[in-house]
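Spelled out from the first residue to the last, the chains are:
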Amino acid sequence: MKNIEYLPNIKVGEKIKLEPEKPKLHPETLLPVLKNCLSQQATKYNELFGLSWLNLDGSVNMSAWPDSDFDLGVNKAQEAQWALEANKNHEQWLQDRELNPAMLTEMSLTVMMQRLLPDRFIIVRSAAYDDYNYGVDQLIIDKETGAVVCGIDEVVNKLGYTGPSIKENKIKQKMLKGGAKVKYGASVHQDKLSLKSMQNIPAFYISLEKEELLLLGESISSEESTEYEFELMKKITNFLKKQAETSLTWNLNYRLQANVRAFLDSLESWPA
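Moving on: the overall build of the protein chain. Of the regular secondary structure elements, the protein chain holds nine helices and six strands. With 272 residues in all, the protein chain has 44% of them scored as buried. A sequence separation of at least 24 residues applies to 62% of the contacts in the protein chain between residues at least 6 apart. Approximately 15,500 Å² of the protein chain is accessible, and the part contributed by carbon and sulfur atoms is 51%.

Mapped onto the elements of the fold, Asp131 is located in helix α5 (residues 128–134). The buried category is assigned to Asp131, whose relative accessible area is 17%. Spatially, the C-alpha atoms of Asp131 and Asp153 are 9.0 Å apart, while their sequence positions differ by 22 residues. With sequence-adjacent residues up to four places away left out, Asp131 is seen in contact with Arg97, Glu106, Ser126, Val136 and Asp137.

Quick look at the pattern of salt bridges now. Summed over all chains, the structure comprises 14 salt bridges. The partner of Lys88 in a salt bridge is Asp96, and the shortest N-O contact between them spans 2.8 Å. On the basis of relative accessible area, Lys88 is assigned to the partly exposed category, the value being 33%. The salt bridge partner of Asp119 is Lys143, with a shortest N-O separation of 3.3 Å. With Asp119 in the loop between α4 (101–116) and β1 (121–125) and Lys143 in the loop between β2 (138–142) and β3 (148–157), this residue pair connects regions lying 24 residues apart in the sequence.

Rules and cut-offs
- Residues numbered from 1 in each chain as written.
- Predicted model: local features only at pLDDT ≥ 70, side-chain atom pairs only at ≥ 80, totals over all residues.
- Heavy atoms only, no water.
- Helix = DSSP H or I, 4+ residues; strand = E, 2+ residues; numbered from the N terminus.
- Buried < 20%, exposed > 50% of the residue type's maximum accessible area, 1.4 Å probe, protein only.
- Contact = heavy atoms within 4.5 Å.
- Areas by Shrake-Rupley, 256 points an atom, 1.4 Å probe, with all protein chains shown as cover.
- Salt bridge = Lys/Arg side-chain N within 4 Å of Asp/Glu carboxyl O.

All we've got here are geometric facts, nothing functional implied.
Structure, rendered in structure tokens:
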């Protein structure tokens, strides 16, 4: 009779502990859910102000601005160049971009914040021009003050990736130069929306581990906000608060300092 060969480091009679299977990201399933959520909220925001200022993907609609044709052309030229560098046609590049973890993170966070933040805040994705050229992925508008209180730049962490330290330095340099600016911004005054270019916007970032993105994706698929979303939102609130407080120790211009303080005041109404 042939001897039974056991796996290395396994003793006879010992129970084998199996690692629980980690959730997997299924972009093909998650993307339609995100698109539907963003479309519904964009429609509400457009109806709120009687203006089609948002695209159905939740991003600022550049076509709502007069004389935006040139910048729309710039966007297409940039995308064509990036597609060429990736050996893809324009359409394929756009499709693959939507399935990128960083893009899914941006969309997921937008949906989560729209679900959980008070009605006082409008959370939208920035115009493509501001995303490509100014590095601003997301805008948070405070209806109470009328101002864009924050410009967000998301990042997904990977094992062994030094994203946060790189991102921190990038954000610090942006803040020391006066903060974020957007050509296609918006403000609210007396329930009326004004389309305008803006500067001296506090710029911060949100860092998610890959596992957090996976769990967030699962949560977003639920019609009701989950306990996980609330806990993640609390973590993000505290993370942004720490960044804002740290930025006040830097030599910022007075307008940006005032805007950072206004952002800290608005954070008091966020989940924490």
